Amino acid sequence: MLASFDTHLFWVALSSGPYWRGALLALEVTAASLTTAIIIGFFVALGALSPRRGIRSVSWVYNWLFRATPTLLQLFFIWYALPQLWTGFAQSWFTPFMAAWIALSLNEGAYMSEIIRAGLLSVDPGQELAGRALGLSRRRILQRIVVPQAIRIAIPPTGNEFITLLKLTSLASIISLHEILTASQELAVVKFQYPEPLLAALLYYLAIVSVLMVLQSRLERRFTFTSARRRRPSATAAAVPAVSHDAR
Amino acid sequence: MSILRADNVHKRYDELEVLRGVTFEVEPGQVKVIIGPSGSGKSTLLRCLALLEETDGGEITLEGKRPGPGEVGMVFQRFNLFQNMTALENVMCGLVEVRRQSKQDARKAALEFLDRVGLADKAPQYPDELSGGQQQRVAIARALVMRPKAMLFDEPTSALDVELVREVLDVMEALAREGMTMVVVSHELRFAHHVASTVLMMDEGRIVEESPPAEFFSAPKEERTKRFLSLVE
């Protein structure tokens, strides 16, 4: 059964430079794209909630455009078509990394805007009213009251998006971004042996996602508004479910 | 000499005319209690007084001018505490963000006002961890710390369990005794009896009747008031 499993090759794969660099690159693209997507998503979400109809439709068109078309096609468009349309993109700065960053940010921005919109809407409008009664500006109310609470709601789905994005970076292997999949394929082709290189690639993804999940639960705790969090940090594991994801 | 004044205030939402020319005034230290059926415009009137709604006609003045931020305090039916802040931070918020006080000064003042509503020991607690009555008292402290010239209460006890109503009314009564100018929308008729300078009856966007509580409850003039009182009592 496992007769052909070459443990040595597996270790070689796991510790090889291309794997490490590939993993690092995938993480960089993911982190950069998600960060940009959160910024885009925040403004698209504000636009979607705007009382002005023109602004709402801009947000609507953005979401429609980037959710209705395949991510791979968007990536191809930005990598191959953009430089032909616009010479500014036919320069040396436009690397596969940049292309993946731009494509994934724009794409993910649409999904993040929906998550952020749901987060903003989850905050009881009575709090905004109370803020205005005290004389706070709308901007202050957003900053100090609405956004911190929206973050708590948005963290779990954003964690999901991080994982989705991380896996989407493997698409960028097609535009010659040397991420983990590229590393494993190159190794497999050379050795003509697939199980070890691919298994090693799987483990890299599992490791990255596991670390992410730990970070996520810490972040959730940071945005859970009970005093227990401060007094007894050890008891928070029990305290978090009480504020419950099921409330969604 | 009135301090807070509504002059011929109109308010409509699309087709619905919620306030049809409301004129009334409150003198310093007076407590006015407004009663009336739901949809009569009581809450809308308070929101206009607090400048939370733009009026479609008429004028709101505080000491002859448009009220400034925090000058008219508002307490809501559902408390509306900031859920991401402790009781102390809720009370500090207006001083820091609106009055631009230092955190130290704001903290000191906030603790003093939490103490006034009997909740100094709850300062580090989040709203989720407080009872409804405690949350409403924090909300009162949050408005009071801005040193408002008048306080508005929009059904402050109707979201509370019966056993928690008293603690909130006690705070309000103490406030009235200290000479705070107050406008209270409430169906706590005992409170109106004891504390109100005058009681107002609102119906269909108008003030139907206004008189001192003794007169209002024992000898209402308007048919509408009689019918309403018979339903409430």
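Residues numbered from 1 in each chain as written. Chains lettered and ligands numbered in written order. Predicted model: local features only at pLDDT ≥ 70, side-chain atom pairs only at ≥ 80, totals over all residues.

## Considering the overall build of chain B
Looking only at helices and strands, chain B has eight helices and nine strands in total. For chain B, the C-alpha radius of gyration of 18 Å lies close to 17 Å, the compact-globule estimate for 233 residues. Principal axes of the C-alpha set define a box for chain B whose edges measure 55 × 40 × 35 Å. In chain B, which comprises 233 residues, the share counted as buried stands at 50%. Within chain B, contacts between residues at least 6 apart in sequence are counted, and of these 67% link residues at least 24 apart. (Helix = DSSP H or I, 4+ residues; strand = E, 2+ residues; numbered from the N terminus. Rg over C-alpha atoms; globule rule 2.2 N^0.38 Å. Buried ≥ 20, exposed ≤ 12 C-beta atoms within 10 Å, placed from the backbone. Contact = placed C-beta atoms within 7 Å.)

## A word on the overall build of chain A
Assigned secondary structure in chain A consists of eleven helices and zero strands. The secondary structure elements of chain A, listed N-terminal to C-terminal, are α-α-α-α-α-α-α-α-α-α-α. Over its C-alpha atoms, taken along the principal directions, chain A stretches across nearly 70 × 55 × 30 Å. Of all 248 residues assigned to chain A, the portion counted as buried reaches 33%. Taking as baseline every contact in chain A between residues at least 6 positions apart, the subset at least 24 positions apart corresponds to 74%.

## A look at the nonpolar core
L49(B), V91(B), A110(B), L114(B) and L152(B) are the most contacted members of the largest nonpolar core, which totals 130 residues. Per-element accounting of this core gives the leading share, twelve residues, to helix 5 (residues 96-122) of chain A. Residue assignment places this core across two domains, with domain 1 (1-67 + 150-233) and domain 2 (82-148) of chain B each supplying three or more. Setting aside chain neighbours within four positions, we find L114(B) in contact with A87(B), L88(B), V91(B), L119(B), A120(B), A123(B) and A141(B). (Core = buried A, V, L, I, M, F, W, Y, C linked by C-beta atoms within 7 Å. Domains from an automatic or database assignment.)

## Comments concerning the domain arrangement of chain B
Residues and elements named next belong to chain B. We note that the domain assignment places domain 1 (1-67 + 150-233) and domain 2 (82-148) within chain B. Here domain 1 and domain 2 have C-alpha centroids that lie 25 Å from each other. Elements that contribute at least two residues to the side of domain 1 that touches domain 2 include exactly strand 6 (150-154) and helix 5 (162-177). Considering every element that reaches the side of domain 1 that touches domain 2, the biggest residue donor is helix 5, with four residues. When its residues are assigned to classes, the side of domain 1 that touches domain 2 shows eight nonpolar, no polar and two charged. (Nonpolar A, V, L, I, M, F, W, Y, C, P; charged D, E, K, R; others polar.)

## Regarding the interface of chain B and chain A
Of the residues lining the interface, 22 residues belong to chain B; the matching set on chain A comes to 17 residues. Residue contributions to the side of chain B that touches chain A peak at three residues, all from helix 2 (residues 87-97) of chain B. Classifying every residue of the side of chain B that touches chain A gives eleven nonpolar, seven polar and four charged.

## A look at the pairing of strand 7 (residues 182-185) of chain B
Residue and element names in this part refer to chain B. A two-sided burial pattern is seen for strand 7, the buried positions comprising M182 and V184 on one face and V183 and V185 on the other. For strand 3 (residues 31-35) and strand 7, the ladder comprises four bridges, and the chain directions are parallel. In the sheet register, V31 faces strand 7, and the bridge partner there is M182. Pairing analysis gives four bridges linking strand 6 to strand 7, with the strands arranged parallel. Residue pairing for strand 7: D154 is matched across the bridge by V185. Assessed by its sense of winding, the connection that carries the chain from strand 6 through helix 5 to strand 7 is right-handed. (Pairing = 2+ DSSP bridges. Right-handed = clockwise from strand over helix to strand, strands pointing away.)

## Regarding the sheet that holds strand 3 of chain B
All names here are of chain B. Spatially, 5-6-7-3-8-9 is the arrangement adopted by the six strands of the open sheet, whose pairing is mixed. Sheet topology places strand 5 (72-75) and strand 9 (206-211) at the edges, where each strand pairs with a single neighbour. Averaged over all pairs of adjacent strands, the angle between their axes in this sheet comes to 20°, without regard to strand direction. Sheet topology note: the strand 8 (residues 198-203)/strand 9 ladder contains five bridges and is antiparallel. Considered in strand 9, the bridge of M202 is made with I207. (Axes fitted to C-alpha atoms, helices over the stretch in contact; angles between N-to-C directions.)

## Quick look at the sheet that holds strand 1 (residues 4-13) of chain B
Backbone-to-backbone hydrogen bonds pair the strands of a sheet. The strands run either parallel or antiparallel. All names here are of chain B. An order of 2-1-4 is seen for the three strands of this open sheet, with the pairing classed as antiparallel. One side of each edge strand has no neighbouring strand; the edge strands of this open sheet are strand 2 (16-26) and strand 4 (59-62). Neighbouring strand axes in the sheet, compared pairwise and without regard to direction, differ in orientation by 20° on average. Against the sheet, helix 1 (residues 42-49) engages strand 1, strand 2 and strand 4, with an angle of about 120° to strand 1.

## Side note on the environment of E223(B)
For E223(B), the location among the structural elements is in helix 8 (residues 223-232). C-alpha of E223(B) to C-alpha of L119(B): the two residues are 104 residues apart in sequence and 44 Å apart in space.

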